[in-house]
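Chains, contacts and geometry: an overview
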Amino acid sequence: MGSAAVGIVGALLGTLFGAALQQMQAARSRRWQRGDLLSDAKRRVYTEYLRAISASYAQAMAGQRDRSEDGHLRAATAEITILSGRDVYEPACVLTEVVLDVHTRIAAGAEGAKAEVGEVDGQRRKLIELFKSDLEIDPRA
């Protein structure tokens, strides 16, 4: 009777151990999937943000005062605020306001506004490096 009890207990422990191991693997798999989904969402919104800056600039250079791309830029900034850490979203929010200000003045034909484009582009390039770092992309890529 003792060996039968040991056999039953062993089988039960094996089953419990196997189930616990499967749960751990499933939890790890879900974490990886969530991480992949977050990374994909960030990549998409970072790309949209940069595209909107370029399109807003093109509209400003064309003299359009009602630039539709400004709304896209603000929407992408809001998504970045939700998806990213403070080290990424704060510079993005600052750059958004600078870009909108400079593009508004360019569209209005303000003197000197076009001269600021180089400085704003430098800020944009620094933000691109932050985006790459956040996505764990080699900065040389």
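Structure shown above.
Note that residues are indexed from 1 along each chain, following the sequence as it is written. It should be noted that, the model being predicted, local features are given only for residues of pLDDT at least 70 and side-chain atom pairs only at 80 or more, the latter also being counted only at that level, while totals for whole chains, interfaces and linings use all residues. Working from all heavy atoms in the structure, the side-chain values ignore hydrogens and water.

Here we come to the packing of aromatic side chains. Only Phe, Tyr and Trp rings take part, Trp by its six-membered ring, and two of them pair if their centres are within 6.5 Å. Stacked means planes under 30 degrees apart, edge-to-face means over 60, and tilted covers everything else. Following the criterion strictly, the structure yields 2 aromatic pairs and no others. Residues Tyr46 and Phe131 carry aromatic rings whose centres are separated by 3.9 Å and whose planes lie at 5° to one another, so their mutual orientation is stacked. A residue pair is termed long-range when its members are at least 10 positions apart, and Tyr46 in helix α1 (residues 2-61) and Phe131 in helix α4 (residues 117-134) qualify at 85 residues. To sort residues, take the accessible area from a 1.4 Å probe on protein chains only and compare it with the maximum for the residue type: under 20% means buried, over 50% means exposed, and anything in between is partly exposed. Exposure remark for Tyr46: the relative accessible area of 3% places this residue in the buried category. The class of Phe131 is buried, set by a relative accessible area of 3%. With a centroid separation of 5.9 Å and 80° between ring planes, the pair formed by Tyr49 and Phe131 is classed as edge-to-face. With Tyr49 in helix α1 and Phe131 in helix α4, this pair connects stretches of sequence that are 82 residues apart. Helix and strand definitions here come from DSSP, where helices need a minimum of 4 consecutive H or I residues and strands a minimum of 2 consecutive E residues; each element is numbered from the N-terminal end.

Turning next to the pattern of salt bridges. Between side chains of opposite charge, a pair can form when the charged atoms approach closely. Just to be clear on terms, a salt bridge is a Lys or Arg side-chain nitrogen sitting within 4 Å of an Asp or Glu carboxyl oxygen. One pass over the structure, following the stated rule, counts 12 salt bridges. Residues Glu48 and Arg51 are paired through a salt bridge, measuring 2.9 Å at the closest nitrogen-oxygen approach. Linking Glu48 with Arg51, this pair stays in helix α1, spanning 3 residues, or about one helical turn. Accessibility expressed as a relative area gives 25% for Glu48, which makes it partly exposed. Taking relative accessible area as the criterion, Arg51 reaches 36% and is therefore assigned partly exposed. Two residues, Glu69 and Arg51, come together in a salt bridge whose shortest N-O distance is 2.7 Å. One end of the pair, Glu69, is in helix α2 (residues 68-83); the other, Arg51, is in helix α1, and 18 residues separate them in sequence. When its relative accessible area of 11% is taken as the criterion, Glu69 is described as buried. One continuous salt-bridge network, built from bridges that share partners, spans Glu48, Arg51 and Glu69.

A word on a nonpolar patch on the surface. A grouping of Val9, Leu13 and Leu16 is seen on the molecular surface, where their side chains present a nonpolar patch of about 300 Å² in accessible area. Accessibility expressed as a relative area gives 47% for Val9, which makes it partly exposed. Patch definition: residues above 30% relative accessible area lacking any salt bridge, with like charges linked at up to 9 Å and the nonpolar side chains Val, Leu, Ile, Met, Phe, Trp and Tyr linked at up to 5 Å. Areas reported as accessible are Shrake-Rupley estimates using a 1.4 Å probe. Residue values count occlusion only from the protein chains shown.

Residues other than glycine seldom take positive phi values, yet Glu136 does so here, at roughly 60°. Take Glu136: it is sitting in the segment after α4. A residue is classified by how much of its surface remains accessible, and Glu136, at 75% relative accessible area, is exposed.

Now for α2. Helix length check: α2, at 16 residues, gives a terminal C-alpha distance of 23 Å against a target of 22 Å (1.5 Å per residue), a fit within 8%. Every buried residue of α2 is accounted for by Glu69, Asp70, Leu73, Ala76, Thr77 and Ile80. The arc that holds every buried residue of α2, seen down its axis, measures 125°, which confines them to one face. Should any heavy atoms of two residues lie within 4.5 Å, those residues are considered in contact. Buried residues along α2 sit against α1, α3 (86-107) and α4. Residue count minus one, scaled by 1.5 Å, sets the expected span of a helix. Relevant arc is that of directions from the helix axis to the C-beta atoms, nothing else.

This part covers the environment of Thr96. Within the secondary structure layout, Thr96 lies in helix α3. For Thr96, a relative accessible area of 1% corresponds to the buried category. Beyond its immediate sequence surroundings of up to four residues, Thr96 is in contact with Tyr49, Leu73, Arg74 and Thr77.

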